[in-house]
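# Residue-level structural notes
Below, each chain spelled out in residue letters.
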Amino acid sequence: MMADRLLRVNAYTTLDLVDGRARGHEFETDAPGVVNVTAPREDPEHVTLQVELDGTDTDELAPHADEIDLSPAQARTLGDALESTADRVAASRAESSADGDDG
Amino acid sequence: MPTDVENWKSEVYGSEIRDHLFEFAERGFDSIPDDERDAWFERFKWWGLYHQRNGQEGYFMMRIGTPNGVLEPGQLRVVGEIADEYARGPGTNPIFGDAYADFTTRQSIQLHWIELSDVPAIFEKLEANGLSTQQACGDSWRNIVGNPVAGKDAQEVIDAWPVIRELNETFKGNDDHSNLPRKWKVSVTGSADGSGQGDINDLAFEPAYKEVDSVEGSSTSSRTESVDSDDVVGFNVRVGGGLSRNEPRLARDIDVWVPPERVSDVAGGLSALFRDNGDREDRYNARIKFLVDEWGADEVRETLQEEYVDFELHTAGRDVREEYTYNTGAGERNDLVGVHPQKDGANFVGLNVLVGRMGAEDVLELADVAEEYGSGEVRLSQRQNVIVTDVPDDELDGLLDEPILEHYSPSPSPFMRGSVACTGTEFCSLSIVETKNRQVRYARWLKENVELPDGVDQFHVHLSGCTASCAQPQIADVSLRGMKTRKDGEPVEALDVGLGGGLGAEPQFARWVTQRVPADEVPGAIANLIDTFAAEREDGESFRAFVARHADGELDAFVDPEETDYDDPMMHNTKRTWYPYAEDDSLDAAPNAPADD
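Rules used throughout
Residues numbered from 1 in each chain as written. Chains lettered and ligands numbered in written order. Predicted model: local features only at pLDDT ≥ 70, side-chain atom pairs only at ≥ 80, totals over all residues. Heavy atoms only, no water. Core = buried A, V, L, I, M, F, W, Y, C linked by side-chain atoms within 4.5 Å. Buried < 20%, exposed > 50% of the residue type's maximum accessible area, 1.4 Å probe, protein only. Helix = DSSP H or I, 4+ residues; strand = E, 2+ residues; numbered from the N terminus. Contact = heavy atoms within 4.5 Å. Pairing = 2+ DSSP bridges. Axes fitted to C-alpha atoms, helices over the stretch in contact; angles between N-to-C directions. Parallel < 35°, antiparallel > 145°, perpendicular 65-115°, else oblique. Left-handed = near helix turned anticlockwise from the far one by under 90°. Nonpolar A, V, L, I, M, F, W, Y, C, P; charged D, E, K, R; others polar. Buried area = accessible area lost by both parts, 1.4 Å probe. Salt bridge = Lys/Arg side-chain N within 4 Å of Asp/Glu carboxyl O. Polar contact = N/O pair within 3.5 Å; in protein donor to acceptor, adjacent residues only side chain to side chain. Phe/Tyr/Trp six-rings, centres within 6.5 Å; stacked < 30°, edge-to-face > 60°. Lys NZ or Arg CZ within 6 Å of the ring centre and 35° of its normal.

### Here's the deal with the nonpolar core
All names here are of chain B. Formed by 58 residues in total, the largest nonpolar core has its most connected members in Phe-44, Ile-109, Leu-111, Ile-114 and Leu-116. The element contributing the most residues to this core is helix H10 (residues 360-373), with seven residues. When residues no more than four places from it in sequence are discounted, the contact partners of Leu-116 are Leu-21, Phe-24, Ala-25, Phe-29, Ile-32, Phe-44, Gly-58 and Phe-60. Grouped together as the second largest cluster of nonpolar side chains are 56 residues, Ala-443, Val-513, Trp-578 and Tyr-579 included.

Here is the structure:
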């Protein structure tokens, strides 16, 4: 698959390395990817969440980026969900880590 | 709705920024209000100053625009003296030391660690010696590029240097053209080698012949070989090239030929067309390449004719693109390194400056050498190299024996001369990986460990730290672009790999074939790639031709990343340091802005 990227990747990109997965009815493929949150500088109407998995690792799909437009309220809902879930995962990992120390 | 940048520009922009800049320099960096810094940093670019990256507060990169890369006798010394006195900061580079100059891919010069309080004194010294930072950055006419040995090159079709000088004098500081929607990069080339790299510029003038009875003026070719006596030589015009934003474009032919005396009119017309019609609401869509996408070349030509020039445009003339060799990956003169004849009987000697960086002491020594063996003039190429001009035959041996040429060689390894790198995380706000020092390490390792196949004496590797493409990665044999990956569970610096790019009669952008190769496995990947090329190439096939006849998947397999004895000390996330080479490189250890002095 073609490896040219659709998303710009520079120091302002939100996450230049994430572990991702493309899943369809007939396939499931792990691939690293890029995640970015952006909005126009002036008079933005929405927040855009961008996701692009590396083209070379997803043979079942044409290279592409997914972009989701979120209202400010939706973006906050997503942010809250990410934060609360992150708290739960972090707590679980801390617990696992502490368990591990017992040995 | 205009962008923030457009609003800032509408308040203060162009020449008037200088007064504010000097006022801040007088009152100190901290006098720039926090909530106005973005605006002022954006404006300072017009005068050649970029604020350095996060963690280097109060320090600036200064770009000196040298039209066509020409440094007249004495000017290189001035650059060296300024670098030595002012381009020193709290970080020391382990390869290049404390004070250095960077020669760029657009024939300019960049200095780092410049303090605002020193700017007036630096400007005074530059301007007293005919140099300037004006419009070296920002949304206007950038440094005009071309064949750096214009006026001297024995292969020249037409002397483009007077044209470039006229454009520089007309459009630098010209209020009608000082505030464009975005940067405006112009190339004017008079040689038949393609060394002006017009295809990747917003506006390109390339040498072309036109029948004399259909044109005004009397320009004649400066070539020695015979041409049709009815032909006069001028320039064909191309518009809308550029590499940035993941959307590279080759400049489009707008079917216009222009005699030298009217280049300024056409260039001004196209600059004004861009000023009036470029997208000021979205900076990512602002470059003229996107306007050409939208309009097409025909509409650009029609609009230029109807609204921006008051004479009848000629259709395109007969170009010399078939003769282009520069950065083509095959044939002679892929670069201007080495000894070459001038048309006046003297010689120019191109010296390889690995990744374009030269320590201040070496800059001063080279200035001495240029004065001793040549006229004192030097010129800068778009491959980040320096050319000593006007060297008589009987001075050549003396020049070639100078110790400094052991380091800046006129006959370097293909991997040394083929290396180009951008600034990277050392100073740049955009980059996500270390670049210049890494490319030095790569070139040295490849030189020691890899043999190119017989007859292949050029191999270009360009390393850019992000998708902004300042190292022109899309026009190299091997294109490297900054990314991240995970190795042994840890995030590490990595590079996307593209192959087969280059210019010439049929320019081709690299095809990106492999993503996220850990930076320490890239030399092994290139070695394996070259091994496969050597084993499977057809008779006399160039690397670029080899790439062209293979599918992306095959090329991806040829890249084959591998650990070797190459050691990369910068695998960690250098964008999260304040300075990658500091003993304590964490952002928390970043120095305060320099005290006013």
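### Quick word on the sheet that holds strand S4 (residues 66-70) of chain A
Residues and elements named next belong to chain A. What the four strands build is an open sheet, ordered S1-S2-S3-S4; its pairing is antiparallel. Only two strands of the sheet have a single partner each, and these edge strands are strand S1 (15-23) and S4. Across the sheet, the mean angle from the axis of one strand to that of its neighbour is 30°, orientation sign disregarded. Looking at chain direction, S1 and strand S2 (residues 28-38) are connected through seven bridges and run antiparallel. Bridge pairing in S2 places Gly-20 opposite Ala-31.

### Thoughts on the packing of helix H4 (residues 75-86) of chain B against helix H5 (residues 119-128) of chain B
Residue and element names in this part refer to chain B. One way to put it is that H4 packs onto H5 with a least axis distance of 10 Å and a crossing angle of 165°. Between H4 and H5, the angle is such that the two are roughly antiparallel. Here H4 and H5 pass one another in a crossing that is right-handed. The segment H4 lies against H5, with Val-78, Glu-81, Ile-82 and Tyr-86 engaging Ala-121, Ile-122, Lys-125 and Leu-126. Partitioned by chemical class, the residues of the contact of H4 with H5 number six nonpolar, no polar and two charged.

### Points about the interface of chain B and chain A
Across the boundary between the two partners, chain B contributes 30 residues, which contact 24 residues of chain A. Here chain B and chain A share an interface that buries about 2300 Å² over both sides, 46% of which is from carbon and sulfur atoms. At the surface where chain B touches chain A, the tally comes to six salt bridges. The closest approach of N and O atoms between Asp-496 of chain B and Arg-5 of chain A, which form a salt bridge, is 2.5 Å. If you list the elements that add at least two residues to the side of chain B that touches chain A, you get helix H1 (4-11), strand S18 (478-487), strand S19 (490-499) and strand S20 (511-518) of chain B. Among the residues forming the side of chain B that touches chain A, the class breakdown is twelve nonpolar, nine polar and nine charged.

### Some details on the side chain of Asp-520 of chain B
Residue and element names in this part refer to chain B. Tracing the backbone shows Asp-520 in the loop between S20 and helix H15 (522-536). Within the structure, Asp-520 has its side chain in polar contact with the side chain of Lys-487 (distance 2.9 Å). Look past the residues within four positions of Asp-520 in its chain and what remains in contact with it is Lys-487, Glu-562, Glu-563, Tyr-566, Asp-568 and Met-571.

### Observations concerning the packing of aromatic side chains
Residue and element names in this part refer to chain B. Taken as a whole, this structure holds 29 aromatic pairs over all chains when the rule is applied. Residues Tyr-59 and Trp-113 carry aromatic rings whose centres are separated by 5.1 Å and whose planes lie at 90° to one another, so their mutual orientation is edge-to-face. Remark: Trp-113 occurs in strand S5 (residues 109-115) and Tyr-59 occurs in strand S2 (residues 59-64); sequence separation between them is 54 residues. Judged by relative accessible area, which is 1%, Trp-113 ranks as buried. Judged by centre distance (6.4 Å) and plane angle (65°), the rings of Trp-141 and Trp-184 are edge-to-face. One end of the pair, Trp-141, is in the loop between H5 and helix H6 (161-171); the other, Trp-184, is in the loop between H6 and strand S6 (186-188), and 43 residues separate them in sequence. A relative accessible area of 1% places Trp-141 in the buried class. Trp-184 sits in the buried class, given a relative accessible area of 0%. When the ring centre of Phe-311 is taken as reference, the NZ or CZ atom of Arg-262 above it lies at 4.0 Å. Over the aromatic face of Phe-96 sits the side chain of Arg-357, whose NZ or CZ is 5.2 Å from the ring centroid.

### Brief notes about the sheet that holds strand S4 (residues 100-103) of chain B
Residues and elements named next belong to chain B. On the basis of which strands lie adjacent, the open sheet formed by five strands has the order S1-S2-S5-S4-S13 and antiparallel pairing. Bordering the open sheet on either side are strand S1 (49-51) and strand S13 (357-359), each of which pairs with just one other strand. On average, each strand axis in the sheet is tilted by 30° relative to the strand beside it, whichever way the strands run. Two elements, S4 and S13, share three bridges in a ladder whose sense is antiparallel. Bridge assignment links Tyr-100 to a residue of S13, and that residue is Gly-359.

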